[in-house]
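Descriptive structure summary
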Amino acid sequence: MVLTMCVAVCMGGFDASAARMRQETAILRGTVVEKATDEPLGWATVALVAPDSTIICGTTCSEAGKFELSAPAGPAKIRVSMIGYADYEQYLGVISGEVEVGEIALDAETRMLEGAMVSETVRLVEMKMDKLVMNVSQSAFAQGSNALELMKKAPGVTIDKDGNVKLNGKTVSVWIDGRPSYMDGKSLEALLRSTNSESIDKFEIMEHPSSKYDAAGQGGIINIKTKKNMLAGFNGSLGIGGGGMFFKDRYNPGRFPWQESFWLNLGLRTAKTNTTFSIYEGFYNTDFLIANSLKFNTAEGQTMNQLTESLFGNFYHNFNVKLSHDWFINDRNTLGAILYIPGDCSRFNSVYSTTSQSIDGLPLLFSDSDVRNRSKSIQYTANLNYTHIFDEARSAEMTVNLDYYHNDAEADNDQVDSTSIYKDEVVDQTLRSCKQLLNDNIYNIYSAKLDYQTILWKKVMLEAGAKWALSMTDNATRELSGSEELFPTLEHAFTYREHIAAAYFSMAGQFWQKLTAKVGLRGEYTNSFGDWEGAKPRSYFDLFPTVYLGFTPDQKWRVSASYSRRVNRPRYSQLDPTKTFVDSKTYMMGNPDLLPQYSDDVNLAVGFGQHLNLAVGYNHNSNMFLQLPSFEEDGTEYLTWGNFGVGHLGYASFSVSALPIAKWLQWTFNLNGLYTYSKPKNIEGAENFVNKGFAGQVYTSFSFILPKSWRIDLDGNCTTPMRFGLYRVDWMGMANVAVKKSLLDNRMTLSLRCDDIFRTGSNNLRVLDPTGKSDSFIRQKYYGQKIIFDLSWSFGKAQQTKARKVGNLEEMSRTGSQGLGK
């Protein structure tokens, strides 16, 4: 009896002790570094493994190589892995409370030193806490392409006729490696065209960026992350590509647009320095058709019909050179410099351009125009950055960025018209007229930025910083016209200055193991002034809050909600009142009185597992930017930038992210449903006008991962008719295919791709007149189908290096000019 009681007491004590252990939580912290250089290894995978080899929990290291794991107390071992390094594993015994693991050093795999690249299967699309990540580095479409062509394949991304990048119909800011892309409009289009796609690692699509980012961009930010120097010692890559396609149809008499490109990347990394050099040069020849059918009622009650058809042959010569150097002074201090020199020289010439007019069915005139546009620009971007680490345990560090940007752009637009005037349906006379527009733009931008971050209370990341920027724009325009000889008819000088001072803070942390929160506030003060007639200085201060909440009830489900407020300041080209001609009857001009556009966005998202996501949201826009059309009695159309009014956008999306249908096949699918509602303000005759309707967007991609290093990618997108502002955009869609083969231990890559398989690349729209006096339909066709062959070769040793967050010059995203990239 006594023995039984003793056994019961012992067993009861054992059970109570085990129960207490099950209820306890262990928190592990540590840092992963490279053994050879003692440098942090960002993004390494860390997991806790039970004695029976089941995974208890896992995480990914921060960019600084730090990790933190929370798990039930008990026996466990830690496992660390990263591509290019030998796995690390160590038994920790029984863990409980707070455990400091310290530094974990990984050895580079010996077999990796013999090759320059690693083959791995990466999901094409990933849903992160506050962004969608599109991993394009191993897609076959990334071979022999450029950033512009690759970005068009991202879910929900479109690029309009003016070069503006839009996400679900909303204009976004484009960044590169955490730094603004410096431009917008046609100049951004030229920059993306001169960026080699094989240098791109991924697209980060952030509809609700944190307060750390500049508030510019109605639809958020698309950050293009380029491949970092993952190689130790001297290494590099080089490649060539080219191809084209023959076109002949009703509008095209028979032409062969082509393209060719060359690139070289070099890197040298030692224990104390990291230097990279890259150069890219591309030649592109594309055809573009624009046909404008206009019908309106004259003051005399007559009906005028006007048809303008133009086929343009566009030639682009783009290049860029980039040099960067990081000096790792010691464990706490790093100094870096970046020099970036992109440039372009372009021609935008008409193959033919005709305009015909009739009144009440009787011919009035026929004009045959020769349009020749030339532009060139050279830009210089310099960045000096310094990072100091105060306390590695708290991730406390400070980064200072000093930036300078200069752009000297020239544009020369020439047009010769031969116009036949009809009388009684017979040609009565033929008139000749000539026009020339010379445009010089000089941009200078200075910027200074300070960022600080640290961990508070062991679980909250605090980020704070301040920024100042001065933007200076000088524009000189000269217009000449005549019948045989050209005489000066207009000289115009446009000067614009803008100061922006900003400060922000952001706090993010995980609470109660299942709840994640991120809140921030950014304040921006803007002071601007110009010297055009009637100009008035502007000064205004805005607050831009951001809120993110994430809830993860279990390992499969996740729920998030977010809110953000953003601004679109006018681009300098949108303010420039200079009149530029598109054809004999169409002109574009800016508006010096254009006000900033503001947007508020709310989003609710639900995710299940690794592959399924559902989201709904609402976006409100005030002072919407829009090119407002107006017509003269002779049929001349003016497109003038203005503040249209208010826009509402409701949306719902469903996505399947890289679902493994088979070991050799992944499927990605994205479906967006949109409801748009636009109502003008202060537009004469439009008091009762409303433009509203539903629209849908579909993107799908199939990736075939085949034996012997073969890969095939097939993707397609489609957008149903969509309404916004004064426009109704027609159907759009395109399908593409690419094949890639790796050779010589992944050192050499061959690829073949075909863009726009079914030749459906077009962007047609109808201009809606609130007064009902006119009806205009614009047909735009892109002859974008090409078969491109690409060959690239890499050399070096694959070892991980750390990345640095430096540079931040948002103002350059608004130096877009109509004269660039034509």
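Scoring rules and cut-offs
Residues numbered from 1 in each chain as written. Predicted model: local features only at pLDDT ≥ 70, side-chain atom pairs only at ≥ 80, totals over all residues. Heavy atoms only, no water. Helix = DSSP H or I, 4+ residues; strand = E, 2+ residues; numbered from the N terminus. Buried < 20%, exposed > 50% of the residue type's maximum accessible area, 1.4 Å probe, protein only. Contact = heavy atoms within 4.5 Å. Areas by Shrake-Rupley, 256 points an atom, 1.4 Å probe, with all protein chains shown as cover. Salt bridge = Lys/Arg side-chain N within 4 Å of Asp/Glu carboxyl O. Core = buried A, V, L, I, M, F, W, Y, C linked by side-chain atoms within 4.5 Å. pLDDT = per-residue confidence, 0-100. Pairing = 2+ DSSP bridges. Axes fitted to C-alpha atoms, helices over the stretch in contact; angles between N-to-C directions. Phe/Tyr/Trp six-rings, centres within 6.5 Å; stacked < 30°, edge-to-face > 60°. Patch = residues over 30% accessible without salt bridge, like charges linked within 9 Å, V, L, I, M, F, W, Y side chains within 5 Å.

Observations regarding the overall build of the chain
The helix and strand tally for the chain stands at 4 helices and 46 strands. For the chain, with 822 residues in total, the buried portion stands at 52%. Relative to all contacts within the chain whose residues are 6 or more apart in sequence, the contacts with residues 24 or more apart total 67%. Carbon and sulfur atoms provide 60% of the accessible area of the chain, an area that totals close to 35,600 Å².

So, the pattern of salt bridges
The final tally for this structure, using the stated rule, is 22 salt bridges. Taking the shortest distance from any N to any O, the salt bridge between Glu89 and Arg79 comes out at 2.7 Å. With Glu89 in strand 6 (residues 88–95) and Arg79 in strand 5 (residues 74–81), the pair connects residues that are 10 residues apart, well separated along the chain. The closest approach of N and O atoms between Arg522 and Glu524, which form a salt bridge, is 2.7 Å. Several salt bridges converge on common partners, so that one network encompasses Asp214, Lys467, Arg522, Glu524 and Arg569.

Describing the nonpolar core
As a rule of thumb, soluble globular proteins bury nonpolar side chains together. Residues Met151, Val165, Leu192, Ile200, Phe203, Ile222 and Ile224 are the most contacted members of the largest nonpolar core, which totals 20 residues. Where this core is concerned, the elements lending two or more residues are strand 9 (132–135), helix 2 (147–151), strand 11 (165–167), strand 13 (173–176), strand 15 (200–206) and strand 16 (221–226). For this core, the element with the highest residue contribution is helix 2, accounting for 4 residues. The next biggest cluster of nonpolar side chains, apart from the first, holds 19 residues, and it includes Ala26, Val46, Met82 and Leu106.

Notes on the confidence of the model for the chain
For the chain, the average pLDDT comes to 81, and 84% of its residues sit at 70 or higher. Confidence over residues 1–23 falls short of pLDDT 50; this stretch has 3 contacts with residues more than four positions distant or in other chains. Contacts of residues 812–822 to residues separated by more than four positions or lying in other chains number 63 contacts, the stretch itself having pLDDT below 50.

Observations regarding the sheet that holds strand 31 (residues 586–589)
Taken together, 4 strands build an open sheet; the order of strands is 30-31-35-34 and the sheet is mixed. Each edge of the open sheet carries a strand with a single partner, namely strand 30 (580–583) and strand 34 (625–631). Put simply, the sheet's adjacent strands are angled 30° from each other on average, direction ignored. Both strand 31 and strand 35 (residues 637–643) contribute to a ladder of 4 bridges, which runs parallel. Paired with Met588 across the bridge in strand 35 is Leu639.

Notes on the sheet that holds strand 4 (residues 66–72)
What the 3 strands build is an open sheet, ordered 4-1-7; its pairing is mixed. Of all the strands in the sheet, just strand 4 and strand 7 (97–106) have a single pairing partner and so form its edges. Averaged over all pairs of adjacent strands, the angle between their axes in this sheet comes to 20°, without regard to strand direction. When strand 1 (residues 25–34) meets strand 4, the two strands line up antiparallel, connected through 7 bridges. Residue pairing in the sheet places Thr31 in a bridge with Lys66 of strand 4.

Some words on the packing of aromatic side chains
Here the structure, examined in full by the defined rule, presents 16 aromatic pairs. Between the aromatic rings of Trp667 and Phe702, the centroid separation amounts to 6.3 Å while the plane-to-plane angle is 20°, which identifies the pairing as stacked. You can see Trp667 sitting in strand 37 (residues 665–680) and its partner Phe702 sitting in strand 38 (residues 691–706), a full 35 residues away along the chain. Phe702 gets classed as partly exposed once you look at its relative accessible area, which sits at 27%. In this structure an aromatic cluster arises from ring pairing among Phe234, Trp793 and Phe795.

Some details on a nonpolar patch on the surface
A cluster of nonpolar side chains, contributed by Trp557, Phe608, Leu612, Leu614, Phe654, Leu671 and Val698, occupies part of the molecular surface with about 560 Å² of accessible area. Examined against the element boundaries, Phe608 turns out to sit in strand 32 (residues 597–608).

Here's the deal with unusual backbone geometry
Note: most peptide bonds trans; most residues except glycine with negative phi. Phi at Ser395 takes a positive value of approximately 50°, unusual for a residue other than glycine. Topologically, Ser395 is positioned in the loop between strand 22 (362–391) and strand 23 (396–423). For Ser395, a relative accessible area of 14% puts it in the buried group. Unusually for a residue other than glycine, Arg759 sits at a positive phi of about 55°.

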